[in-house]
Structure formats: C-alpha cells, structure tokens
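# Structural features, examined
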Amino acid sequence: MFKKISLVITFVIMLLFTEDSFVLNINAFASDSSQLNKITSTNITIIAGNKSDKYDSNGNLILHPSSIPGNKYITFDSSANGRTAELPVGTLISLSFPGGPSNVTITPSKGILERVEGKYKFPQHVIGLYRISGPGTVKIKVETTYKSANYSNLWSGYYQTGSSSSFTDTSSYWIAPTPATCISGATSEATWVGIDGAQVGNNTVLQTGTDATCNSSNVESNYAWWEFYPTAPYVIGTGGSTDCTPSAATCGSVTNGDSMYGEVKYNTSSSNWTVTLKNLTQNWNFTTTLSYSGASSSGEFIVEDDSGNPGADMTNYSTISFNNNLINGTNPNFNYSTQSDEITSDGTSTGTPISVPSNPNNLGDAFSVSYGSTPSAPASWINISPTGLTSDQINAISSSSPTNVWEAGFESGSPSVPVTYNYNGSSWTKYYPHSFASANPNTLTGITSDNSGNAWTVGYYTSFPAEQANAYEWSGSSWTHVTADEPSTIGNLFEGVSTDNTGDVYAVGYYNNSGVNIAPLIEKWNGTKFAQQALSLPSGCTSVQLYGVSVFSSSDVLAVGQGSCTSGNKYVIYHYDGTSWTSISGLPTSATSAILYSVKAISSTEAWAVGSKSFSPQQPLIMHYTSGGGWQEDTSNSFGATSISLLTSVDADSSNNVWVAGTLNGNPLTVHYNGSSWTQISTPTLSSPVNVNGVAVNSGIGWLGGYTGSSTFSPFALKSY
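Quantities reported herein were computed from a predicted structural model and do not represent experimental measurements.

Calculation criteria
Residues numbered from 1 in each chain as written. Predicted model: local features only at pLDDT ≥ 70, side-chain atom pairs only at ≥ 80, totals over all residues. Heavy atoms only, no water. Helix = DSSP H or I, 4+ residues; strand = E, 2+ residues; numbered from the N terminus. Buried < 20%, exposed > 50% of the residue type's maximum accessible area, 1.4 Å probe, protein only. Contact = heavy atoms within 4.5 Å. Areas by Shrake-Rupley, 256 points an atom, 1.4 Å probe, with all protein chains shown as cover. Disulfide = S-S within 2.5 Å. Pairing = 2+ DSSP bridges. Axes fitted to C-alpha atoms, helices over the stretch in contact; angles between N-to-C directions. Polar contact = N/O pair within 3.5 Å; in protein donor to acceptor, adjacent residues only side chain to side chain. Phe/Tyr/Trp six-rings, centres within 6.5 Å; stacked < 30°, edge-to-face > 60°. Lys NZ or Arg CZ within 6 Å of the ring centre and 35° of its normal. Salt bridge = Lys/Arg side-chain N within 4 Å of Asp/Glu carboxyl O. pLDDT = per-residue confidence, 0-100. Core = buried A, V, L, I, M, F, W, Y, C linked by side-chain atoms within 4.5 Å.

With that settled, consider the overall build of the protein chain. Assigned secondary structure in the protein chain consists of one helix and 54 strands. Counting every position in the protein chain, which comprises 721 residues, the buried fraction comes to 57%. Long-range contacts, defined here as pairs at least 24 residues apart, represent 58% of the contacts in the protein chain between residues at least 6 apart. Of the roughly 27800 Å² of accessible surface on the protein chain, 47% is carried by carbon and sulfur atoms.

With that settled, consider the state of the cysteines. What the rule picks out here adds up to one disulfide. Put simply, Cys 541 and Cys 565 are joined by a disulfide, and their sulfur atoms are 2.0 Å apart. One quick way to see it: the torsion about the S-S bond of Cys 541 and Cys 565 is about 80 degrees, and its sign makes the bridge right-handed. With Cys 541 in strand 40 (residues 541-553) and Cys 565 in strand 41 (residues 556-565), this residue pair connects regions lying 24 residues apart in the sequence. Considered together, Cys 541 and Cys 565 belong to a single accessibility category, that of buried residues.

So, on to the pairing of strand 33 (residues 455-463). Counting buried residues in strand 33 gives eight out of nine residues, a clear majority hidden from the surface. Two successive antiparallel strands, strand 32 (residues 442-449) and strand 33, enclose a turn made up of five residues, where Gly 453 displays a positive phi of approximately 95 degrees. Sheet topology places strand 33 next to strand 34 (residues 466-474); eight bridges connect them, and they run antiparallel. Each bridged residue has a counterpart across the sheet, and for Ser 463 the counterpart in strand 34 is Ala 466. Between the end of strand 33 and the start of strand 34, which pair antiparallel, lie two residues.

It is worth spelling out the sheet that holds strand 54 (residues 714-720) at this point. As summarised here, the arrangement of the four strands in space is 27-54-53-52, forming an open sheet in which the pairing is antiparallel. The sheet is open, and its two edges are formed by strand 27 (381-383) and strand 52 (690-698), each paired on a single side. Taken pair by pair, the neighbouring strands of this sheet meet at an average axis angle of 25 degrees, ignoring direction. Pairing of strand 52 with strand 53 (residues 701-708) involves eight bridges; the strand directions are antiparallel. Across the sheet, residue Val 695 finds its bridge partner in strand 53, namely Leu 704.

This paragraph deals with unusual backbone geometry. If a residue is not glycine, its phi is most likely negative; likewise, a peptide bond is most likely trans. The omega torsion of the bond from Tyr 229 to Pro 230 falls at 20 degrees, within 30 degrees of zero and hence cis. Locating Pro 230 in the fold gives a position in the loop between strand 16 (220-229) and strand 17 (234-235). With an omega of -5 degrees, the peptide bond between Ser 688 and Pro 689 qualifies as cis. Mapping Pro 689 onto the fold places it in the loop between strand 51 (678-681) and strand 52.

What follows concerns the side chain of Glu 411. Inspection of the secondary structure puts Glu 411 in strand 29 (residues 404-411). With a relative accessible area of 15%, Glu 411 lands in the buried category. Reaching out from Glu 411, the side chain makes a polar contact with the side chain of Tyr 432 at a distance of 2.5 Å. Apart from the residues lying within four places of it in its own chain, the contact partners of Glu 411 are Thr 390, Ser 391, Asp 392, Ser 416, Val 417, Val 419, Lys 430 and Tyr 432.

Turning our attention to the side chain of Gln 533. Here Gln 533 is to be found in the loop between strand 39 (529-532) and strand 40. What Gln 533 contacts, discounting residues up to four positions off in sequence, is Tyr 506, Ile 522, Glu 523, Lys 524 and Trp 581.

All right, on to the packing of aromatic side chains then. Taken as a whole, this structure holds 41 aromatic pairs when the rule is applied. Taking 4.5 Å as the distance between ring centres and 45 degrees as the angle between the ring planes, the aromatic pair formed by Tyr 158 and Phe 367 counts as tilted. Pair noted here: Tyr 158 is in strand 12 (residues 155-161) and Phe 367 is in strand 26 (residues 367-371), with a separation of 209 residues, a long-range link. Assessed through its relative accessible area of 0%, Phe 367 is described here as buried. Each ring, one from Trp 226 and one from Tyr 234, has its centre 6.3 Å from the other, and the planes form 45 degrees; the classification is tilted. On the basis of relative accessible area, Tyr 234 is assigned to the partly exposed category, the value being 25%. An aromatic cluster is present here, built from Tyr 158, Trp 174, Phe 301, Phe 322, Phe 334 and Phe 367 joined pairwise through their rings. Taking NZ or CZ as reference, Lys 121 lies 4.3 Å from the ring centre of Trp 225, over its face.

Moving on, we get to the pattern of salt bridges. By the definition in use, this model includes eight salt bridges. For Lys 121, the salt bridge identified is with Asp 306, shortest N-O distance 3.2 Å. Of this pair, Lys 121 sits in the loop between strand 8 (113-115) and strand 9 (126-132) while Asp 306 sits in the loop between strand 22 (298-304) and strand 23 (319-327), and the two are 185 residues apart along the sequence. Per residue, the accessibility class of Lys 121 equals that of Asp 306, and both read buried. With a closest N to O distance of 3.0 Å, Asp 392 and Lys 430 form a salt bridge. Remark: Lys 430 occurs in strand 31 (residues 428-431) and Asp 392 occurs in strand 28 (residues 392-401); sequence separation between them is 38 residues.

The strand order across the open sheet built from four strands is 28-29-30-31, with neighbouring strands paired in antiparallel fashion. For this open sheet the edge positions go to strand 28 and strand 31, each flanked by a neighbour on one side alone. Within the sheet, the average angular offset between the axes of one strand and its neighbour, ignoring direction, is 20 degrees. In this structure, strand 29 lies alongside strand 30 (residues 417-423), joined through seven bridges in antiparallel fashion. Across the sheet, residue Phe 410 finds its bridge partner in strand 30, namely Pro 418.

Here we come to the environment of Thr 566. Looking at where Thr 566 falls in the secondary structure, it is placed in the loop between strand 41 and strand 42 (568-576). Here the alpha-carbon distance between Thr 566 and Gly 540, two residues 26 residues apart in the chain, equals 5.4 Å.

On average, residues of the protein chain score 83 in pLDDT, and 84% of them are at 70 or above. Within the model, pLDDT remains below 50 along residues 1-43, and this stretch shows 133 contacts once partners closer than five positions in the same chain are excluded.

Next up on the list: the nonpolar core. Ranked by internal contacts, the top residues of the largest apolar core, which has 35 residues, are Leu 206, Trp 226, Ile 236 and Trp 284. Put simply, the parts of the chain that give this core at least two residues each are strand 14 (187-195), strand 16, strand 19 (259-267), strand 20 (272-279), strand 21 (284-290), strand 22, strand 23 and strand 26. If sequence neighbours within four positions are ignored, Trp 226 has contacts with Leu 206, Gln 207, Thr 208, Pro 233, Tyr 234, Ile 236, Val 275, Phe 286, Thr 288 and Leu 290.

Mapped onto the fold, Trp 284 is located in strand 21. Sequence separation between Trp 284 and Cys 244 is 40 residues; the distance between their C-alpha atoms is 6.4 Å. Separated by 3.4 Å, the side chain of Trp 284 and the backbone oxygen of Thr 250 make a polar contact.

This is the structure we're talking about:
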C-alpha cells in the first residue's frame with residue numbers, strides 16, 4: 001500500500017554578510033495543511049568563519065561541517081529545525097529527503113547558493129548537492145511526493161541495509177552495456193557497486209563502476225570511475241596508468257560488451273578501504289586504497305540515472321546483469337519484495353517504468369535490470385543430482401535433449417565397476433555396463449549421445465599388468481560391450497568420445513608404445529568396433545596424450561590433449577578433414593606449459609578448446625578457433641587468472657551459447673559466453689572437495705556433472721536455470 005502525499009517545502013536562506021559571518025535561515029512548510037504534522041518549520045542559522053561559541057541562543061550545540069573527504073560538508077533535512085551552523089563560504093550542502101523524489105527551485109539561482117554541477121552518484125535520499133558561494137538572500141522551494149516503497153527516480157537494482165559497520169565488502173561482475181542508438185540527446189547511466197547511501201541518514205557513498213553516456217550530439221561513449229561522494233567522481237585513466245595493473249595506455253578504457261568486476265572492501269589489517277575495478281576483457285585492473293569513515297550500514301548493486309535530470313534523461317542501456325554478487329564474501333540471498341529498487345518517471349509505483357530489476361536468480365546472488373521493461377533473472381544452476389545412491393564418481397556428461405542426459409563414471413568397490421545414469425527429464429536411472437570382475441579399476445571417462453537416442457561410453461579397465469581400452473554401445477535398454485583396437489600390450493586408455501547425428505563416432509586417448517613413448521590414440525566406430533586411425537606425432541614432440549574429441553561432421557573432427565615436446569609440455573590439437581589427420585602444437589604467449597582437456601566444434605569455421613596453463617599457479621586456458629584467425633588464446637575471460645584453477649570441459653549448441661566448466665580453488669567454476677563476452681555463473685553450494693568433470697549443452701539448456709568427496713564419492717548433476 002503506497003501513500004502519495006504532495007508536499008511543497010519552501011526554504012528561505014538569508015545570508016547576512018559581515019566581516020566574518022553570515023546567517024542562514026531555513027523555513028519549511030507544507031502546502032497541504034493536513035500534513036503539517038509531517039513537516040515542521042525548519043530554521044537554521046549559519047555563521048561564516050570559526051567562532052568560539054559552542055551554543056546558539058536556544059542552548060543547542062552549534063553545527064559544524066565535516067571533512068568528507070577534504071571538503072567542508074553538511075547535510076540539511078527537517079531535523080535541523082532551530083539549529084545554528086557555522087559554515088564558511090565554499091561549504092557543500094547536501095539536501096536529504098528520504099520521503100521521495102523532489103524538485104528544487106532556487107531564487108535567485110546563482111550567486112549565493114548554487115547547485116554543484118557534474119555527474120555525482122548520489123546517495124539514495126539526496127535530492128541535490130549545493131555549495132555556498134557568497135553572501136545574500138536565497139529561496140529554495142522543494143516539491144516532494146512522499147511514499148513508502150522501493151521506487152525512485154534515481155536508483156534501480158538491489159541493496160541491503162543493516163547496523164553500523166555491518167557491510168565491509170561488496171563485489172559483482174557485469175557486462176558494460178550496449179546502449180540503444182543515441183537519438184534523444186544528452187543521456188547518462190551508471191552501473192556500480194558500493195557501500196553506504198541506501199540507509200536513511202547515510203549521505204556518503206564509496207562506489208565504483210562504469211558509465212554509458214550519449215552526448216548532446218547523440219554520440220555514445222563509456223568510461224570507468226570510482227567515487228567517494230561528495231567528492232566528484234574520479235575518471236579512471238585520466239590520472240595516468242600508475243594505478244593500474246598492467247600499467248598500460250588502455251587503463252580505464254571501457255567499450256560495449258566488456259566484462260567488468262567491481263569491489264569495495266574494508267581491509268582489517270590496515271584499517272583502510274580498497275576500491276577495485278577490473279576490465280576482464282581488456283585485462284586492466286585498477287585499485288586504490290583510502291580512509292573511509294562512513295557508517296558502513298548498507299551495500300548496493302545499482303544501475304543509476306546520473307544524467308542530472310533523474311527520471312527523464314537516462315540512457316537506454318537495454319539490459320545489465322549483476323552476477324556472482326557477494327556481500328562480506330557470502331551470497332546476499334536477495335529478496336525482491338524488500339531489497340529491489342525500480343526507477344520510474346515520478347519515483348512512485350504509479351510512474352512509468354524506466355529501469356526495472358528482475359527477480360533474483362534461483363540462488364539469490366544475481367539479477368538483471370532492463371530499460372523500460374521487466375527482465376528475466378540471469379542464468380544459474382539448479383541441483384538435480386541423483387540421490388540415495390552408492391559411492392559413485394562421475395567423469396563425463398552428455399545431453400542430446402532435455403529429456404536424454406547421460407552421466408558416466410564408476411562405483412567404488414573391490415573392484416570398482418563402471419556406472420552410467422540417464423535423466424529422462426524428471427528422474428535418474430542407474431545402469432551398470434558389463435564389468436571385468438578381475439580388473440581394478442573399471443572406469444568410464446567419456447559418454448556421448450545423438451538425437452536418435454543412440455549412445456556410446458568409453459573408458460578403461462586394468463587387467464594386470466596393463467590397462468585395456470573399454471567401450472560400450474547403448475541398445476535402448478542396456479549397454480553392450482563392443483570391441484576396440486588395442487595397439488599396445490602394455491596399456492591402452494580411452495579418455496573421451498563424441499558423435500554427430502549421422503553415425504560418426506570417435507574415441508580418443510593414448511597407449512604405451514612398447515615402452516618407448518606415450519602415443520596418441522584415435523579410433524572410429526565402424527559399426528562393428530572402434531578402429532584405430534593413422535596418426536603422426538606433432539613436430540618436436542616425443543609423446544602425446546589425448547583427452548577430448550568433438551565431431552562436427554564426417555569432414556570436421558577435432559581432438560585435443562598434451563604433448564611432451566622439445567620446448568616443454570604443449571597443448572596438442574588434431575584435425576580430421578575427411579581424408580587424414582593433421583596436428584598442431586604450441587603454447588599461448590602467456591604460458592610456460594599448457595594442456596587441453598576438452599574441445600567443441602560448433603561449425604566448420606568455429607571451435608573452442610579449454611584446459612590449463614602455466615601451473616605456477618595453475619590457470620585456466622581457453623583457445624578459440626575461427627576460419628579467419630586460426631587458433632588464438634581467448635584472454636577476455638580472466639576469472640581465476642590469479643588463482644589455482646583449471647577448465648575441464650566445454651560445450652555449445654551455437655556461437656552465442658558456449659558453456660565452460662572447471663574448478664577454482666577447489667570450488668566449481670562455470671562461465672558462459674553469449675557471443676561477445678563471458679559471464680561467471682553461480683553454482684549451488686556442494687560438499688567439498690568438488691570435482692567438475694563435464695558440461696553439456698542442448699536446446700539452450702546447460703548440464704554440469706561431476707562428484708564430491710575424497711574417499712566416499714557423491715555424484716552431482718546441475719541444470720542451467
């Protein structure tokens with residue numbers, strides 16, 4: 001239930017200039033007499049200079065400005081009635097009215113009290129920032145519509161409030177928006193995370209983010225900034241590159257579609273605050289440290305109209321998603337009904353929607369905001385894991401439709417036995433392929449299926465003293481063991497399998513070449529068995545192990561892995577063109593060693609492969625193939641770049657729907673590519689340690705598979721939401 005009460009508040013400011021003082025009288029009254037009990041007459045006396053009097057004529061302590069930070073600053077609202085303030089010329093005055101949106105008219109408009117120009121990111125309840133510029137008399141008229149809901153003409157998004165010092169860290173990922181064509185003149189929009197400003201009485205904000213603006217000539221541009229309100233925003237990059245890592249000319253550069261990360265954090269050890277803004281696409285990292293004495297009683301994730309004409313001149317930014325939001329390092333579990341905020345034309349629930357938040361995602365740590373309409377919640381994962389099962393380890397996942405999802409691995413025991421699970425859209429069924437009872441272990445490492453319901457799974461078993469490659473075909477109701485070529489008497493292992501929808505099926509792995517070296521193994525299903533393909537080692541490599549394969553067509557097949565080569569361990573990629581296999585090996589420029597675990601051929605002209613590099617620390621590696629550029633390292637996704645992390649699987653059903661999975665410091669790591677930029681996607685909390693071993697995509701839905709535990713295993717399966 002929202003009450004709308006139209007109020008007119010008139011301030012009369014009289015500055016009587018003497019050698020060292022002037023007097024400011026503020027009177028407030030309501031135009032609606034029925035609301036006089038809501039707004040009382042407010043009179044404030046301001047004396048310039050630095051007098052020694054402690055009390056005014058009414059016995060109240062004289063008000064003085066604060067230094068925030070380095071500015072003389074004071075906030076006026078109706079609570080200052082009857083008080084005296086000592087404020088020198090130059091003092092900043094913040095008008096704060098939590099009731100709702102306000103229009104301010106100043107007469108005369110210049111010379112005595114002037115609005116401070118610039119794109120300030122205001123605290124939620126501040127309606128204007130002004131500066132005392134000289135002596136004289138000035139009138140201020142404030143028209144306010146009071147309300148009791150999360151609507152405004154300034155902020156949209158989510159925020160949480162609490163007690164003093166309860167907010168010490170806010171962080172989020174977002175994509176710099178691509179505004180609609182600039183056709184309406186000067187507009188502006190700010191995307192940011194911060195501390196303070198949402199709680200009534202908080203009139204400072206420590207924040208960082210990006211801006212999308214259209215100037216009066218209808219030219220769109222972006223920039224990065226941080227701000228300690230009421231100090232003007234600092235545009236990152238204008239002070240040189242000394243605050244950035246690496247120190248580069250692109251520091252502060254933001255373009256449409258760039259992946260951004262922002263954080264405002266209190267450092268207990270130094271008692272200082274750190275503001276961090278990263279452009280993960282352009283690979284720059286801005287950090288500054290400062291003292292901050294705000295209340296720390298709220299945390300914000302905001303899309304703001306900072307155009308200077310709130311509710312009227314906001315840039316049409318389309319949609320912005322805030323992902324992996326954290327407050328004090330944990331999931332904020334956003335609540336739509338109490339913590340969301342919407343910008344409307346008049347700041348009330350009946351106004352025209354301008355900037356509208358979605359419901360949170362199902363995990364409660366992500367949301368979207370759209371210009372002019374209500375968006376859907378961002379993608380995340382929901383847990384649909386098999387339950388009530390024995391100790392099972394999942395090594396691979398495949399999906400041919402939302403009602404045909406497979407997982408494969410092994411069940412612990414003496415010996416361990418191969419297992420698979422099939423999801424029919426509502427429940428899981430467990431199937432046991434034939435186990436070689438004398439073997440230990442039996443394990444499945446790869447699984448694949450096609451649109452007709454055909455499926456194959458591969459792995460290996462140990463028949464002392466050697467491993468033997470193992471493969472099965474799905475009959476429609478059970479698994480049938482099928483023959484595979486075993487080129488070595490010492491050891492043969494399958495690590496992956498893939499099929500298209502025309503009957504082409506390939507399995508990859510490696511074998512022990514008579515104890516001389518480890519040789520790559522690729523075998524093709526010929527209707528009767530998996531038959532070995534002819535391969536040559538890449539130039540300069542003495543051994544190769546293959547882990548992933550992807551079949552796009554009979555003339556486009558890719559296999560990836562790692563080779564031991566003259567200059568170290570390198571990633572290896574094989575390509576089949578319908579006639580023969582050729583190989584390439586190499587290292588991305590930022591790595592000292594590299595390995596690829598998974599590959600996905602999206603078309604004959606595009607493919608992705610993922611793994612890890614460097615190993616000190618181990619870092620994620622993403623390789624992207626296009627027909628025009630060949631294989632190139634994709635460095636636009638920097639999630640986990642400074643942590644122990646690796647990527648184990650990639651899959652896609654189009655160029656605009658690519659999913660990558662792995663682990664980051666022992667936790668699940670999933671990222672999504674929409675055709676232009678990467679976004680990290682949250683996963684539900686799983687028991688530690690977590691092993692993420694497969695991702696599958698079909699019909700726009702992603703599936704994630706793996707297991708938890710170090711001795712007793714629990715399989716898990718996640719579905720994108």
